[in-house]
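Analysis of the macromolecular model
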Amino acid sequence: MPPMIEQSFMKALFHGVIAEDMIFPYPELPSDDRENTAMILDSVRRYFAANVDAAKIDREHAIPPEVMDGLKSLGLFGLQIPTDHDGIGLSASAYARVMQEVGGLDGSIAVTLGAHQSIGLKGILLFGTPEQKRKYLPKLATGEWTAAFALTEPSAGSDAAAIKTRAELSADGSHYVLNGAKIWITNGGFADVFTVFARTSSMEEGAKPKITAFIVERGMGVKNGPNEHKLGIRGSSTTELFFDDVKVPKENVLGEVGRGFKVAMEVLNSGRLGLASGSLGMCEVLLKLALERVNERRAFGRAIGEFGLIKDKVSAMLAQTYALESMTYLTAGIVDGKVSDYSLESAICKVFGSETLWYVVNDTLQIAAGIGYMQDYPYERMMRDARINLIFEGTNEILRCFIALSGMQGPGKALSDVVKAMREPIKGFGLLSDFAVRKARSVLGRERLTRAHPLLSREAVIFEEFTGELASNTELVLRKHGKEIAEMQFTQKRIAEMSIDLFAIASCIARTTRAIERRGEEGARREIDLTSIFTTAAQKRLRQNVHDFSRNDDELRKAVASRAYTDRAYPFDIV
Amino acid sequence: MKILVPLKRVADPDNANKVKIPAAGDKIETTGLEWKPNPFDEYALEAALRLTENGQTPKVRAGEVVVVTFGPKETEQTLRAALATGADRAIRIDTTDDKLDGDLVARALAALIEKEKPDVVVMGKQAVDGDSNQVGQILAELLDWPMATFAATIKEEAGALVVSREVDGGVATMRVKLPAIVTVDLRIVAPTSVYSTKTAATFKYNDGVRFAALPAIMAAKKKLLVEIKLADLAADQALKVEYKAFQAPPARKAGIKVKDVTELVTRLKNEAKVL
Ligand SMILES: Cc1cc2nc3c(=O)[nH]c(=O)nc-3n(C[C@H](O)[C@H](O)[C@H](O)COP(=O)(O)OP(=O)(O)OC[C@H]3O[C@@H](n4cnc5c(N)ncnc54)[C@H](O)[C@@H]3O)c2cc1C
């Protein structure tokens, strides 16, 4: 294996390096964990079957208090909190699997549980001092206290660094005084503990703000507005939060003063994996609904499942869901393998997961057709519940930019180092020759995916080919545009789309290889076929994206949009 | 009170990989099947847990529930699940399903009971795969213990259990002195079916079997699970029941749609000949 350039499979891929040892063998739950997870899932299924009515939660815009209590005593509020803090201590993979189940059973509950532990208390897990952990985690684990994550403000959504909530250190230095407001905070109506982000430097246009994270208890003076009325996940509580001279002891600073942005980003990196697994769970339930329907519903004297256009939808949904499942548990395995940089992978999971779900819910509803549109059936509710995933924890647009720019950072740095090295040829010799070696390799032949099973060689070759394209186009656009790339979102989007498809293909190949090794070709037929379908579809997109780097109508589109902004309306009317 | 509960795993009937029979028809293909506990055994465990607690405070255990299963290593999952639900200790008797029949299971259990000396054996009335419905009865015979089958309710008294079963036209109630064998029917998990001497007569259970909270699942790992060789319990492992052939039920024929009630009645009369 070439020397590891990056501690991330996807970041290495931007250099054209296929760090296959990071994804082979495809990870799996240790047997102990698998047995526990199976039992946990069994309890979750039984509890939900007996106590949870998703349609009613949606209709009444609330999770009944006795259900909340039931979820707490079941232990669902402390899934990833270590056992020595009275939690269940699940690995990232087991946690993802449980959230997958819950996501399929009820969207509102999944979002409530996710806001509590995927993001609400995650900061304390990742950055808390031993005292903070001792004080908060045991009560959060049992659900005696619940948590929320409070970042967004009226004038700071995607641009989280623009938050205005202020935290002022008291004269005696013993506490901070928080003033400001947050909006759309999940669990805002009842949470006891908030991870709050506030500015600890003055507001200066253009200046880089200093943001600090705080653990704020409701009792310190946090007030909330009424629950918002929402499109979906209606049983979850989404409210404004108000901070009016809220005094927070300095012991409640989470992480370092001024490093709050890092806290927020790390928390969201891991939270996104939870969203992907919840999306996966919904896809699975939708597929079940679709597969029942295609057998039952008859038209023109046949079950609708016999029509080609229905088979087309079903096979595509299966392939896409398989890719989502494969990348979700690959990423979870990477997290459990203690690889610390999985920010690209989890962002990809979130984008791909939420869009796969949107696509699956749309096609399932289309298969159900008329009944799909009726409130007596679950389809329309699931469609409404699904929609949020493309918006929160970083919109999919923001994440596409993030995937592209963060991925290109390594090659960009390498390039500028090379430019520097060329100016100082002797000092930079080592660097130059290293770069030359990599160049030579990418010219002479592409990086190989040697551990893919031979039955998947077609898919492996496609993966290798477009890995080469990703790396060479990254280098090309960086050389051509330099820093300007930060403003080139059309290009960023293409880079991001390619990364997403490549990670999906790699995940399918790694997982299907394991399946073939375990169960042979026939035993792994399903996996092989779905990998083939997914890769073929992805290949078309990849080709298109590569093509579009050089031949596109980006400038025309920009001009048309700008003109429309002055028109302020669709400009035609036939009357 | 000390209670022994034998558990069996059965192929999950809801699972997509349905039971398959190879062309030779000499066995049932078990690879790839998904398993779950025999439902009547889960009811038995629930009854045993109710007998060893005050229903009001189920976390405080009053007595001991020992679960036992026969099977390969994987069947320990069934035992772990029972431990997570509240059983105190587990025993796996190492063997495979195709080497067992009801008689051998009963003989091995009898030998185990000699060692364990439980006050009661509570077990499912039958396993839903083989539907033999005989282990409890053979076991009572071997031990020469009193037996109550198809229990719908159990009430503990000092040194005895009052057990009722539903029969045609009513309920038959009997008192069995301990030690005894009780096999249970599905009614046993109704809210007012089982009362230990500690549980108030006014107390009502949730309907159905309890399931494990997550912390209990994690804690169950620390509970004792031992393996015993079948040979250590039954020297003679000859089977009395021999399975000659297996056959899948015939595929269902497609139904028909009738226009109205008159047609339905005519068809029931003339074609189905049930009227
Ligand atoms: C139900 C719900 C629950 C929520 N829960 C929480 C919570 O618990 N905690 C919390 O802190 N927040 C929460 N949020 C807020 C959520 O994270 C934000 O809505 C999200 O980050 C987007 O911000 P915005 O809505 O202000 O959109 P904006 O930032 O105003 O974006 C508007 C549009 O512009 C696009 N856009 C913005 N910037 C760029 C750019 N640089 N390049 C390209 N496109 C861009 C966006 O993708 C979007 O399409 C929640 C929101 C909802 C709806």
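Remember, it's a predicted structure, so these values are computed and weren't measured experimentally. Sequence order as written defines residue numbering, which begins from 1 separately in each chain. For naming, the first written chain is A and the first written ligand is 1, with later ones following in the order written. Reporting in this predicted model follows two pLDDT cut-offs: at least 70 for local features of residues, and 80 or more for side-chain atom pairs to be given and counted; totals over whole chains, interfaces and linings ignore these cut-offs and use all residues.

Some thoughts on the overall build of chain B
The helix and strand tally for chain B stands at seven helices and 13 strands. Referenced to the eigenvectors of the C-alpha coordinate spread, the extents of chain B come out at roughly 60 × 45 × 40 Å. Exposure in this text rests on C-beta crowding, where 20 or more other C-beta atoms within 10 Å of a residue's own make it buried, 12 or fewer make it exposed, and counts in between make it partly exposed. The C-beta atoms are placed from the backbone. Counting across all 275 residues of chain B, residues that qualify as buried make up 37%. Here the analysis covers contacts within chain B between residues at least 6 apart in sequence; of these, 69% occur between residues at least 24 apart. A helix here means a DSSP run of H or I that spans at least four residues, while a strand means a run of E at least two residues long, and both kinds are numbered starting from the N terminus. We call two residues in contact when the distance between their C-beta atoms, placed using the backbone, is within 7 Å.

Focus: the overall build of chain A
What chain A contains, in helices and strands, is 18 helices and 10 strands. Radius of gyration (C-alpha) of chain A: 25 Å, near the 25 Å computed for a compact globule of 575 residues. Projected onto the principal axes, the alpha-carbon positions of chain A cover approximately 75 × 70 × 65 Å. Counting the 575 residues in chain A, one finds 47% classified as buried. Within chain A, counting contacts between residues at least 6 apart in sequence, those at least 24 apart form 76% of the total. Radius of gyration: over C-alpha atoms. The globule rule applied is 2.2 Å multiplied by the number of residues raised to the 0.38 power.

A few points about the interface of chain B and chain A
In this assembly, 11 residues from chain B lie in contact with 16 residues from chain A. Contributing elements (two or more residues each) for the side of chain B that touches chain A: α2 (76-85) and α5 (214-219) of chain B. Charged means Asp, Glu, Lys or Arg here, nonpolar means Ala, Val, Leu, Ile, Met, Phe, Trp, Tyr, Cys or Pro, and polar covers whatever is left, Gly included. Classifying every residue of the side of chain B that touches chain A by side-chain character gives nine nonpolar, one polar and one charged.

Examining the sheet that holds strand β9 (residues 160-167) of chain B
All names here are of chain B. Read from one edge to the other, the open sheet built from four strands follows the order β10-β9-β8-β12, with strand pairing classed as mixed. Since the sheet does not close on itself, it has two edges, and those belong to β10 (170-177) and β12 (194-195), each with one partner. In this sheet, β12 lies alongside strand β8 (residues 153-157) in parallel orientation, the contact comprising two bridges. Note that in β12 the partner of I154 across the bridge is V194. Paired strands, as defined in this entry, are two strands with at least two bridges between them according to DSSP.

Quick look at the site of the ligand
Residue and element names in this part refer to chain A. Among the 20 residues in the neighbourhood of the ligand, the closest are listed as L151, G157, S158, T395 and E397. Looking at the shell around the ligand, the elements that each hand over two or more residues are β1 (147-150), β3 (175-186) and α13 (396-423). Counting residues domain by domain, the shell around the ligand receives three or more from each of domain 2 (147-258) and domain 3 (262-395). A residue counts as near a molecule or strand when its C-beta atom, positioned from the backbone, falls within 6 Å of it. Residue ranges labeled as domains rest on an automatic or database domain assignment.

So, helix α4 (residues 65-74) of chain A
All names here are of chain A. Along α4, the residues classified as buried are V67, L71 and L74. What you see down the axis of α4 is that its buried residues fit within an arc of 65 degrees, all on one side. The exposed set on the far side of α4, more than 90 degrees from its buried face, consists of P65, E66 and D69. Within two residues after α4, G75 carries a phi angle of roughly 105 degrees, on the positive side. The arc under discussion is defined with respect to the helix axis, by the directions toward the C-beta atoms.

Overview of the sheet that holds strand β4 (residues 64-70) of chain B
Residues and elements named next belong to chain B. Ordered by their spatial adjacency, seven strands build an open sheet running β7-β11-β6-β1-β4-β5-β13, and the pairing between neighbours is parallel. Both outer strands of the open sheet, β7 (147-151) and β13 (224-229), are each paired with one neighbouring strand and no more. Recorded for the sheet is a direction-independent mean angle of 20 degrees between the axes of neighbouring strands. In this sheet, strand β5 (residues 89-94) lies alongside β4 in parallel orientation, the contact comprising five bridges. As a rule, the C-alpha atoms of each element are fitted with a line to give its axis, helices using only the stretch in contact, and angles between N-to-C directions run from 0 to 180 degrees.

Some remarks on the domain arrangement of chain A
One can read the domain layout of chain A as domain 1 (31-142), domain 2 (147-258), domain 3 (262-395) and domain 4 (398-552). Using only C-alpha atoms to locate each centre, domain 1 of chain A and domain 4 of chain A end up separated by 36 Å.

A look at the nonpolar core
Burial of nonpolar side chains together is a common tendency in soluble globular proteins. Working definition: the nonpolar core is a set of buried Ala, Val, Leu, Ile, Met, Phe, Trp, Tyr and Cys residues, joined through C-beta atoms within 7 Å. Of all hydrophobic cores here, the largest spans 221 residues; its most connected members are F214 and I348 of chain A together with V5, V67, V122 and V182 of chain B. V5 of chain B has contacts with A44, L45, A48, V65, V67, V122 and M123 of chain B, leaving out every residue within four places of it along the chain.

Focus on the environment of V52 of chain A
All names here are of chain A. Here V52 is to be found in the loop between α2 (31-51) and α3 (54-60). Measuring from C-alpha to C-alpha, the distance between V52 and E240 comes to 27 Å, with 188 residues separating the pair along the chain. Sequence-distant contacts of V52, that is, excluding residues within four places in its chain, are made with V67, L105, D106 and I109.

What to know about helix α18 (residues 554-567) of chain A
Residue and element names in this part refer to chain A. Taking 1.5 Å as the rise per residue, α18 with 14 residues should run 20 Å; its terminal C-alpha atoms sit 20 Å apart, in good agreement. Counted residue by residue, α18 has zero buried out of 14 residues, so it is predominantly exposed. Looking at the residues trailing α18, positive phi occurs at R568, about 60 degrees. To estimate how far a helix should reach, multiply one less than its number of residues by 1.5 Å.

Notes on the pairing of β3 of chain A
Residue and element names in this part refer to chain A. In the sheet, strand β2 (residues 166-169) pairs with β3 via four bridges, with the strands oriented antiparallel. The residue of β3 that forms the bridge with L169 is Y176. Taken together, β2 and the strand that follows it, β3, pair antiparallel across an intervening segment of five residues, in which G173 is found at a positive phi of about 75 degrees. Sheet topology note: the β3/strand β7 (residues 238-249) ladder contains nine bridges and is antiparallel. Residue pairing across strands places I185 opposite T239, the latter belonging to β7.

Focus on the packing of helix α9 (residues 260-296) of chain A against helix α11 (residues 343-368) of chain A
All names here are of chain A. Running from N to C, α9 and α11 point in directions that differ by 20 degrees, and their axes come no closer than 8 Å. Of the possible angle classes, the one that applies to α9 and α11 is roughly parallel. Here α9 runs over α11; the crossing is left-handed. Its residues placed into classes, the contact of α9 with α11 shows 17 nonpolar, nine polar and three charged. Any angle that is under 35 degrees is reported as roughly parallel, and any over 145 degrees as roughly antiparallel; angles of 65 to 115 degrees are reported as roughly perpendicular and all others as oblique. The handedness criterion is simple: a crossing whose near helix is rotated anticlockwise from the far helix by less than a right angle is left-handed, and one whose near helix is rotated clockwise is right-handed.

Here we look at the environment of A213 of chain A
Residues and elements named next belong to chain A. Note that A213 resides in strand β5 (residues 211-217). Residue A213 is classed as buried on the basis of its C-beta count, with 29 C-beta atoms lying within 10 Å. When the C-alpha positions of A213 and T146 are compared, they lie 18 Å apart, and in sequence the two are 67 residues distant. Residues contacting A213, with those up to four places away along its chain left out, are G123, T195, F197, L254, G255, G260, V263 and A264.

A look at unusual backbone geometry
The linkage connecting F24 of chain A with the following residue, P25 of chain A, adopts the cis geometry, with an omega of -15 degrees. Within the fold, P25 of chain A resides in the loop between α1 (9-14) and α2. P179 of chain B follows L178 of chain B through a cis peptide bond whose omega is 0 degrees. Here P179 of chain B is to be found in the loop between β10 and β11 (180-184). In this structure, N187 of chain A takes a positive phi of about 70 degrees despite not being glycine. One non-glycine residue, F150 of chain B, lies in positive phi territory at about 55 degrees. You can see F150 of chain B is positioned in strand β7.

Things to note about the packing of helix α10 (residues 308-336) of chain A against helix α17 (residues 525-550) of chain A
Residues and elements named next belong to chain A. Direction vectors running N to C along α10 and α17 enclose 95 degrees, while the axes themselves pass 9 Å from each other. What the angle tells us is that α10 and α17 run roughly perpendicular. Contact residues: S315, L318, A319, Q320, Y322 and A323 in α10; L530, I533 and F534 in α17. When grouped by side-chain class, the residues that make up the contact of α10 with α17 number seven nonpolar, two polar and no charged.

Observations regarding the environment of E144 of chain A
Residues and elements named next belong to chain A. Here E144 lies in the loop between α8 (130-142) and β1. Taking the C-beta count within 10 Å as the criterion, E144 has 12 such neighbours and is therefore assigned exposed. For E144 and I215, which are 71 residues apart along the polypeptide, the C-alpha to C-alpha distance reads 16 Å.

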